[in-house]
Amino acid sequence: MLSSNTPHCVRLRPGKSYDGKQGFSYFEGVARETTGSQAICMHLLTIPPGGRAKAHKHDSHETAIYVLSGRAIMYWGERLEHCMETAAGDMIYIPANVPHLPINNSDDVVTAVIARTDPREQESVTLLPELDTLID
């Protein structure tokens, strides 16, 4: 029997989804709200063909992404001046406070696992609407 002071391991299976500030729907995953995590969140993202996020950054939190399927592009930088092509099997690192905007410009769904050093996934999201118009 576990005491009330013993940390508990938690198993989740993505099922419910929620709409993030960034403009995508995410499958609920590991977060403070679902598991009590203290320093990380991890969830599954699907981007439909033609899907595009809103320009944003994650204040003081790093992001790691593993692309499971599909191809997309990600603009990043202070004025979204850089562009990175991503495909299944790629791992992507986004430093804290770096503006970015992913787009699925293919005909296939993109699926990725996303992990952040923010246990409350939406808390550190800052939208950057002034950058949205920089990318067609």
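Note that this is a predicted model, so its numbers are computed, not measured. (Residues numbered from 1 in each chain as written. Predicted model: local features only at pLDDT ≥ 70, side-chain atom pairs only at ≥ 80, totals over all residues. Heavy atoms only, no water.)

Caption draft 1: Just the overall build of the protein, in detail. Check the secondary structure of the protein and you find 2 helices and 11 strands. In the protein, the order of α-helices and β-strands from amino to carboxyl end is β-β-α-β-β-β-β-β-β-β-β-β-α. Expressed as a percentage of contacts within the protein between residues at least 6 apart in sequence, the contacts between residues at least 24 apart total 70%. When the accessible area of the protein is evaluated, it comes to approximately 8,000 Å², of which 54% is carbon and sulfur surface. (Helix = DSSP H or I, 4+ residues; strand = E, 2+ residues; numbered from the N terminus. Contact = heavy atoms within 4.5 Å. Areas by Shrake-Rupley, 256 points an atom, 1.4 Å probe, with all protein chains shown as cover.)

Caption draft 2: Up close: the environment of K16. Relative to the assigned elements, K16 resides in the segment before β1 (17-19). Given a relative accessible area of 62%, K16 falls into the exposed group. As a C-alpha pair, K16 and E28 span 12 residues in sequence and 5.7 Å in three-dimensional space. (Buried < 20%, exposed > 50% of the residue type's maximum accessible area, 1.4 Å probe, protein only.)

Caption draft 3: A look at unusual backbone geometry. If you check the backbone angles, L80 has positive phi at about 55° while not being a glycine. Position of L80 among the secondary structure elements: in the loop between β6 (71-76) and β7 (82-87). The phi dihedral of N97 is positive, around 65°, even though this residue is not glycine. Here N97 is to be found in the loop between β8 (91-94) and β9 (100-103).

Caption draft 4: Structural view of the confidence of the model for the protein. Of all residues in the protein, 90% have pLDDT values of 70 or greater, and the mean over the chain is 88. Taking the mean pLDDT of every element in the protein, the minimum, 68, falls on β1 and the maximum, 98, on β8. (pLDDT = per-residue confidence, 0-100.)

Caption draft 5: Structural detail: the pairing of strand β10 (residues 110-116). Here β10 lies mainly inside the structure; 6 of its 7 residues are buried. Looking at chain direction, strand β3 (residues 41-47) and β10 are connected through 7 bridges and run antiparallel. The residue bridging L45 from the neighbouring strand is A112, located in β10. Sheet topology places strand β5 (residues 63-69) next to β10; 6 bridges connect them, and they run antiparallel. Paired with Y66 across the bridge in β10 is V113. (Pairing = 2+ DSSP bridges.)

Caption draft 6: View of the pairing of β9. Burial along β9 is two-sided: the residues H100 and P102 and L101 and I103 are all buried. For β6 and β9, the ladder comprises 4 bridges, and the chain directions are antiparallel. Each bridged residue has a counterpart across the sheet, and for W76 the counterpart in β9 is H100.

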